[in-house]
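Structure at a glance
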Amino acid sequence: MGGCNVLDMYSGCGTFSVFLADLFDKVCLVEHNRDAIVFAEQNLLGKKHESFGLSGENWIKYSADNYMAQNGSFEAVVIDPPRSGMEKEVCKWLCRSKIPQIRSVSCNPSTHARDASFLVKSGYHLSKLYLLDFYPHTAHIESLACFEYTE
């Protein structure tokens, strides 16, 4: 994974973006929590990025087209939605996007499976799936799904 342009959707404080900035020329962060964006800005000092303090839905409605017109298409997306899963508009946009690589992280396997089914139906191939036990001795697990676009 690497290239020119990557999207970190639901970026939080930029945990993934910090590492993505070493692999891509520019990182686009989208996060509705403005406090988290402030921390992301601190974490990404000196790295080429652009941050949007918007919900995923509003970023798609108001900023996505302009961003891509100025910066080009995304070569990859990392998405880490809340427990409720992707917003409907975000999921629909990703399904239409044909972005070559999507890495999806989730703390809720059932909403992750729901969102993954939409991606697969739209032409994405689930190439890898991991279950991650970050919280031993609890019922909480994370899942990581790797999708590749296949026409």
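Summarised in this report is the structure supplied together with it. (Residues numbered from 1 in each chain as written. Predicted model: local features only at pLDDT ≥ 70, side-chain atom pairs only at ≥ 80, totals over all residues. Heavy atoms only, no water.)

**A closer look at helix α5 (residues 88–97)**
Inspection of α5 places Val 90, Cys 91, Trp 93, Leu 94 and Cys 95 among the buried residues, and these make up the whole buried set. Just downstream of α5 lies Lys 98, where phi reads positive at about 60°. (Buried < 20%, exposed > 50% of the residue type's maximum accessible area, 1.4 Å probe, protein only. Helix = DSSP H or I, 4+ residues; strand = E, 2+ residues; numbered from the N terminus.)

**Some remarks on the packing of α5 against helix α6 (residues 109–121)**
Describing two packed helices takes the angle between their axes plus the distance from one axis to the other. With their axes 9 Å apart at the nearest point, α5 and α6 run at an angle of 30° to one another. It follows that α5 is roughly parallel to α6 by the angle criterion. Where α5 crosses over α6, the handedness of that crossing is right-handed. Counted together, Cys 91, Leu 94 and Cys 95 of α5 and Asp 115, Phe 118 and Leu 119 of α6 form the full contact between these two elements. (Axes fitted to C-alpha atoms, helices over the stretch in contact; angles between N-to-C directions. Parallel < 35°, antiparallel > 145°, perpendicular 65-115°, else oblique. Left-handed = near helix turned anticlockwise from the far one by under 90°. Contact = heavy atoms within 4.5 Å.)

**What to know about the pairing of strand β3 (residues 49–52)**
Across 4 bridges, the pairing between strand β2 (residues 24–30) and β3 is parallel. Paired with Cys 28 across the two strands is Glu 50, which belongs to β3. With helix α2 (residues 34–43) bridging β2 and the parallel β3, this β-α-β connection has right-handed handedness. (Pairing = 2+ DSSP bridges. Right-handed = clockwise from strand over helix to strand, strands pointing away.)

**Description of the nonpolar core**
Leu 7, Trp 59, Ile 79, Trp 93 and Leu 94 are the most contacted members of the largest nonpolar core, which totals 26 residues. When residues of this core are assigned to their parent elements, the largest contribution, 5 residues, is made by α5. Ignoring anything within four residues of it in the chain, the contact list for Ile 79 reads Met 9, Tyr 10, Met 86, Val 90, Leu 94, Ile 102, Arg 103, Ser 104 and Val 105. In this structure, Phe 24, Val 27, Leu 44 and Ala 76 belong to the second largest nonpolar core, which totals 10 residues. (Core = buried A, V, L, I, M, F, W, Y, C linked by side-chain atoms within 4.5 Å.)

**Things to note about the pairing of strand β4 (residues 76–79)**
Along β4, one buried face is formed by Ala 76 and Val 78 and the opposite face, lined by Val 77 and Ile 79, is buried too. Note: strand β1 (residues 3–9) against β4, 4 bridges, orientation parallel. Within the sheet, the bridge partner assigned to Met 9 lies in β4 and is Ile 79. As paired strands, β4 and strand β5 (residues 101–106) are joined by 4 bridges and run parallel to one another. Bridge assignment links Val 77 to a residue of β5, and that residue is Ile 102. Assessed by its sense of winding, the connection that carries the chain from β4 through α5 to β5 is right-handed.

**Looking at a nonpolar patch on the surface**
On the surface, a nonpolar cluster with roughly 250 Å² of combined accessible area is contributed by Val 120, Leu 126 and Leu 129. Taking the relative accessible area as the measure of exposure, Val 120 reaches 43% and is therefore partly exposed. (Patch = residues over 30% accessible without salt bridge, like charges linked within 9 Å, V, L, I, M, F, W, Y side chains within 5 Å. Areas by Shrake-Rupley, 256 points an atom, 1.4 Å probe, with all protein chains shown as cover. Salt bridge = Lys/Arg side-chain N within 4 Å of Asp/Glu carboxyl O.)

**With respect to the environment of Glu 31**
Residue position: Glu 31 is located in the loop between β2 and α2. Here the alpha-carbon distance between Glu 31 and Met 9, two residues 22 residues apart in the chain, equals 6.8 Å. Leave out the neighbours within four places in its chain, and Glu 31 touches Tyr 10, Ser 11, Gly 12, Ala 36, Ile 37, Phe 52, Gly 53 and Leu 54.

**Things to note about unusual backbone geometry**
Not every positive phi belongs to a glycine, and Tyr 10 is a case in point at roughly 60°. As for its position among the elements, Tyr 10 is in the loop between β1 and α1 (15–20). Even without being glycine, Lys 98 reaches a positive phi, approximately 60°. Tracing the chain through its elements places Lys 98 in the loop between α5 and β5.

**A look at α6**
Taking 1.5 Å per residue as the helical rise, α6 with its 13 residues ought to reach 18 Å, and the 18 Å between its terminal C-alpha atoms agrees with that figure. Buried residues of α6: Thr 111, His 112, Asp 115, Ala 116 and Leu 119, and no others. Viewed along the axis of α6, the buried residues span an arc of 135°, placing them on a single side of the element. Those residues of α6 that are exposed and aimed more than 90 degrees away from the buried face are Ser 110 and Lys 121. Close packing links the buried residues of α6 with α5, β5, β6 (124–132) and β7 (142–149). (Expected span 1.5 Å × (residues − 1). Arc of directions from axis to C-beta.)

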